[in-house]
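Spelled out, the chains give:
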Amino acid sequence: MVQWHKALKGGLHVDCHHHYFGCGAWGNYPHGRFTSTIGPSSRHSHTAPTWLVLHIIMSDTPTNLLAYSDTELVAFMATLGEPAFRARQIARQIYVNLVNDINQMTDLPRVLRERLAAQASIGSLQLQRIISDEAGMTHKALFTLPSGEHIESVLMLYPDRATVCVSTQAGCAMGCTFCATGRLGLLRNLDSHHIVEQVLWARRLLQALRQTHGQSTAAHTPTLEDSTWWGDDGGHPEALPQHLGNVVFMGMGEPFANYDRWWQAVERLHDPQGMNIGARGLTVSTVGLVPGIKRLAEAPLPVNLAISLHAPNDEIRSAMMPVNKRWNVAELLATTRAYIAKTGRRVSFEYVLLQGQNDTPELAHELGLQLRGMLCHVNLIPWNPVPGLPLGRSERQRVTSFQRILQEHGVACTVRVERGVSIAAACGQLAGSPVSGP
Ligand code: SF4
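These figures come from a predicted structure and were not determined experimentally.

Here is what the cut-offs are and how they apply
Residues numbered from 1 in each chain as written. Predicted model: local features only at pLDDT ≥ 70, side-chain atom pairs only at ≥ 80, totals over all residues. Helix = DSSP H or I, 4+ residues; strand = E, 2+ residues; numbered from the N terminus. Buried ≥ 20, exposed ≤ 12 C-beta atoms within 10 Å, placed from the backbone. Contact = placed C-beta atoms within 7 Å. Near = placed C-beta within 6 Å. Nonpolar A, V, L, I, M, F, W, Y, C, P; charged D, E, K, R; others polar. Axes fitted to C-alpha atoms, helices over the stretch in contact; angles between N-to-C directions. Parallel < 35°, antiparallel > 145°, perpendicular 65-115°, else oblique. Left-handed = near helix turned anticlockwise from the far one by under 90°. Pairing = 2+ DSSP bridges. Expected span 1.5 Å × (residues − 1). Arc of directions from axis to C-beta. Core = buried A, V, L, I, M, F, W, Y, C linked by C-beta atoms within 7 Å. pLDDT = per-residue confidence, 0-100.

Novice: Please give an account of the overall build of the protein that cites residues and values.
Specialist: Each helix and strand in the protein was counted, giving twelve helices and 15 strands. Counting every position in the protein, which comprises 438 residues, the buried fraction comes to 43%. When contacts within the protein are restricted to residue pairs at least 6 apart in sequence, those whose partners lie at least 24 apart make up 68%.

What follows is the structure, given as structure tokens:
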């Protein structure tokens, strides 16, 4: 059953206060306070940097609090004449308490809440809709960026965990032949706060779902064997995971093509004072951008790495993935081995199976020989249909045969249990279309 949720329902939407903040709109805030912070002789105890003051004065859009680092939030509050601890209160409300309405920050003085609500917003994505499937266990959101492009995110609920798949770009330049996103081309890179905001959306949605189901205080963590897990109506589960602790950067876009902003998002998601998502709960998926893999090998957080391989040789891989002409299979696998040697971490290889193209027993043997002895794991993904693409999903028997051959080579291998196929939320199906969906 597919359910439609209206955006703006049940507090799940991203609040956006359209307050235009020209000079005539300063209202309660005396100009003297701001101009006094600009000059180098200012002795104001909460002096904001000049760039921030000028930005606020000249901006005609609400200040997006998610766009600020901790330091910048302190500086922003200084422009309001507020001490640093107010910034910490606000950050806690946003990232820990998941508040999405400034007026709900009840630990702030009412006057400050009103001033803040008049000129700032929590986030900038406009939630257009949520489509849900799999008995309410998969939820795909469509957002519009302020610049007009669309992106999608998918929340997947399991008995013992919750995972959100987020986008790092609108569209994608990589042009993989089997992927809906790739057909769009690159529309734009996302900023780090756009990425963080998708995770906030997922956490708020899980929180709201738990409250809807009366589970918000339940200590019970269901298992697959738990008979209470699936509701009698064949639809909603009776219990939901308590916590969203997994983020996979596998939505629209190639994360390593937007590395710096993606990494900023990783650091903010990991922040123990904020969203506190463990590095091992973060998984980045790359099409095989060798420079990005090398950078990640040097990164301070042990984020999981998944590589879209999809073929064991250049002839087939180049036909499926243009990026292979830049970094071929040999170079990609050599870089992966160096990454494993440097980090000691296991790598996942994603392998989309297309009937008759890359799913033959011969190719399974070839792949097994390539990966033999490597600290890795292969995820086989039967291809998910994309309208207009003349490709076929591998039959079940071909998938299991492929898996068995890899295992005979000593390569750990699983077949991914797909989520969201019927709502075009599965791997390779995200197209950010405002008209997609049932
Ligand atoms: S599979 Fe990933 S890298 Fe390839 S086109 Fe799609 S989004 Fe881009």
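From this point, things continue past the structure.
Novice: Summarise the site of the ligand; cite the residues concerned and give the values.
Specialist: Residues in contact with the ligand amount to twelve residues; listed here are only the nearest, Cys172, Met174, Cys176, Cys179 and Gly182. Looking at the shell around the ligand residue by residue, the class counts come to six nonpolar, five polar and one charged.

Novice: Describe the packing of helix H6 (residues 192-212) against helix H7 (residues 259-270), with residues and values.
Specialist: Contact geometry for H6 and H7: axes closest at 8 Å, N-to-C directions at 45°. Between H6 and H7, the interaxial angle falls into the category oblique. Here H6 and H7 pass one another in a crossing that is right-handed. In contact with Ser192, Ile195, Val196 and Val199 of H6, H7 contributes Arg261, Trp262, Gln264, Ala265, Arg268 and Leu269. Residue composition of the contact of H6 with H7, grouped by class: six nonpolar, two polar and two charged.

Novice: Any details on the environment of Ala141? Residues and values, ideally.
Specialist: Assignment of secondary structure puts Ala141 in strand S5 (residues 138-144). Accessibility expressed as a C-beta count within 10 Å gives 26 for Ala141, which makes it buried. Taking the C-alpha atoms as reference points, Ala141 and Ile130, separated by eleven residues in sequence, lie 4.4 Å from one another. If near-sequence neighbours (up to four positions away) are discounted, Ala141 is found in contact with Leu127, Ile130, Glu152, Ser153 and Trp201.

Novice: Could you give me a rundown of the pairing of S5, with the residues and numbers involved?
Specialist: Summarising burial for S5: six of the seven residues are buried, a large majority. When strand S4 (residues 126-133) meets S5, the two strands line up antiparallel, connected through seven bridges. What sits directly across from Gln126, in S5, is Thr144. Where S5 lies against strand S6 (residues 150-157), seven bridges are found, and the strand directions are antiparallel. Bridging across to S6, Lys140 finds its partner in Val154.

Novice: Give me helix H12 (residues 396-408): which residues, what numbers.
Specialist: Between its first and last C-alpha atoms H12 spans 18 Å; for 13 residues at 1.5 Å apiece the expected length is 18 Å, and the two agree. Of all the residues in H12, the buried ones are Phe402, Ile405 and Leu406. Down the axis of H12, the sector holding all buried residues measures 100°, keeping them to one side. Exposed residues on H12 whose side chains face more than 90 degrees from its buried face are Arg396, Gln397, Arg404 and Glu408.

Novice: A description of helix H5 (residues 110-119) should follow, citing residues and the corresponding values.
Specialist: Residues Leu116, Ala117 and Gln119 constitute the buried set of H5. Summarising the contacts, the buried residues of H5 are in contact with strand S2 (63-64) and strand S3 (120-121).

Novice: Summarise the nonpolar core; cite the residues concerned and give the values.
Specialist: Of all hydrophobic cores here, the largest spans 111 residues; its most connected members are Leu155, Val164, Val199, Leu269 and Val378. Here this core gets nine residues from one element, more than from any other, and that element is H6. If sequence neighbours within four positions are ignored, Val164 has contacts with Ser153, Val154, Leu155, Gln198, Val199, Ala202, Leu244 and Val247.

Novice: Break down the packing of helix H8 (residues 290-298) against helix H10 (residues 329-343) for me, citing the residues and quoting the values.
Specialist: Remark: H8 packs on H10, axes separated minimally by 9 Å, with the N-to-C direction vectors making an angle of 5°. Judged by the angle between their axes, H8 and H10 are roughly parallel. For the pair H8 and H10, contact is made by Val290, Ile293, Lys294 and Ala297 and by Glu331, Leu332, Thr335, Thr336, Tyr339, Lys342 and Thr343, respectively. Taken together, the residues that form the contact of H8 with H10 break down as five nonpolar, three polar and three charged.

Novice: Help me get a handle on the environment of Gly274, residues and values and all.
Specialist: Mapped onto the secondary structure, Gly274 falls in the loop between H7 and strand S11 (282-286). As a C-alpha pair, Gly274 and Arg92 span 182 residues in sequence and 6.5 Å in three-dimensional space. Not counting residues within four places of it along the chain, the set of residues in contact with Gly274 comprises Ala91, Tyr95, Val96 and Arg268.

Novice: Would you mind going over the confidence of the model for the protein in detail, with residue names and values included?
Specialist: In the predicted model, the protein carries a mean pLDDT of 82, and the fraction of residues at 70 or more is 76%. Between residues 1-46, whose pLDDT stays under 50, and residues either more than four places distant or in other chains, the model counts 73 contacts. Within the model, the stretch residues 215-236 combines pLDDT values under 50 with 34 contacts to residues more than four positions away or in other chains.

Novice: How would you summarise unusual backbone geometry if you had to cite specific residues and measurements?
Specialist: Most of the time, phi is negative for any residue but glycine, and the peptide bond is trans. One non-glycine residue, Leu98, lies in positive phi territory at about 65°. When you line up the elements, Leu98 lands in the loop between helix H4 (84-95) and H5. We note that His310 has phi near 70°; this positive angle belongs to a residue other than glycine. Mapped onto the fold, His310 is located in the loop between strand S12 (304-308) and helix H9 (314-320). Residue His310 is classed as buried on the basis of its 26 C-beta neighbours within 10 Å.

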